[in-house]
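Tertiary structure, described
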Amino acid sequence: MKVSYHGHSIVKVKTNNQVILIDPFITGNELTDLVVADEKPDVILLTHGHNDHVGDTIEIAKASGALVVAPNELAIWLGWQGLTTHGMNIGGAYEFDFGTVKYTKAFHSSSYTTEDEQLIYMGMPAGILLTAEGKTMYHAGDTSLFGDMELIGKRNKIDIAFLPIGDNFTMGLEDAAYAVELLTPKLTVPVHYNTFPAIVTDPEVFKKLVTTHEVEIMKPGDSIEL
Ligand code: NI
Ligand code: MN
């Protein structure tokens, strides 16, 4: 499994010759190295309905024919936009040909903001456990710190965890460092920071706060082979 980071919450996973793109917020994301027209994933995984996560999903999926896996209400709505979707919900796992996806709890909100200033309810926000080729990746989505992270850590051997650290909308530095203690991943990568003024923070401080586990600060475009 090859995993790469592309700014904000965008993570790309290459497994079984398939490309899986998570939360492809490219347009309006000044930190990303990705270009919408270049992305031809086989699968798009979404954590929740906020625009900084759904991002360019509709355009990319229409151009590439990618399957979009999302929390159920978001999947239904994206289906209405003409995409091929697979809806899931928290606690449920499904074995796809690219790997097994399990949706986990995230303590956050989930709506999509339309251009005409409507908020569309998109069900529960979630985190994602993706297991493929014997490795497990955890993308926490947007979330606060919550005690059940200990349960997620005990029930899964997480090889790499992507945790939000930007504060304001999600965990900040101290809470995210505590989340690492609960999840006990082999490697943690901080995400969801420095994209907007409200979430400017220093990932080096996060790395210093995590004294018992390994943290790698990935720059947009960096990749890791697990
Ligand atoms: Ni959000
Ligand atoms: Mn977000």
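Rules used in this analysis
- Residues numbered from 1 in each chain as written.
- Chains lettered and ligands numbered in written order.
- Predicted model: local features only at pLDDT ≥ 70, side-chain atom pairs only at ≥ 80, totals over all residues.
- Heavy atoms only, no water.
- Pairing = 2+ DSSP bridges.
- Helix = DSSP H or I, 4+ residues; strand = E, 2+ residues; numbered from the N terminus.
- Contact = heavy atoms within 4.5 Å.
- Axes fitted to C-alpha atoms, helices over the stretch in contact; angles between N-to-C directions.
- Donors = N, O, S within 2.8 Å, 3.2 Å for Na, K, Ca; no water.
- Buried < 20%, exposed > 50% of the residue type's maximum accessible area, 1.4 Å probe, protein only.

Across the sheet, which stays open at both edges, the 7 strands sit in the order S7-S8-S11-S12-S13-S14-S15 with mixed pairing between neighbours. Looking along the sheet, the strands with just one partner apiece sit at the ends: strand S7 (93-96) and strand S15 (214-215). By the bridge criterion, 3 bridges tie strand S12 (residues 135-139) to strand S13 (residues 160-164) in an arrangement that is parallel. Bridge pairing in S13 links His139 to Phe162. Contacts from helix H5 (residues 173-183) reach S12, S13 and strand S14 (187-191), with the element oriented near 150 degrees to S13.

Reference values for angles at a metal are 109.5 degrees in the four-donor tetrahedral case and 90 or 180 degrees in the six-donor octahedral case. At this site the manganese ion (ligand 2) is bound by Asp52 (OD), His53 (NE2), Asp142 (OD) and His192 (NE2), with donor distances of 2.1 to 2.3 Å. In terms of primary sequence, the donors binding the manganese ion (ligand 2) are separated according to D-H-x88-D-x49-H. Classification of Asp142 by relative accessible area gives buried; the value is 2%.

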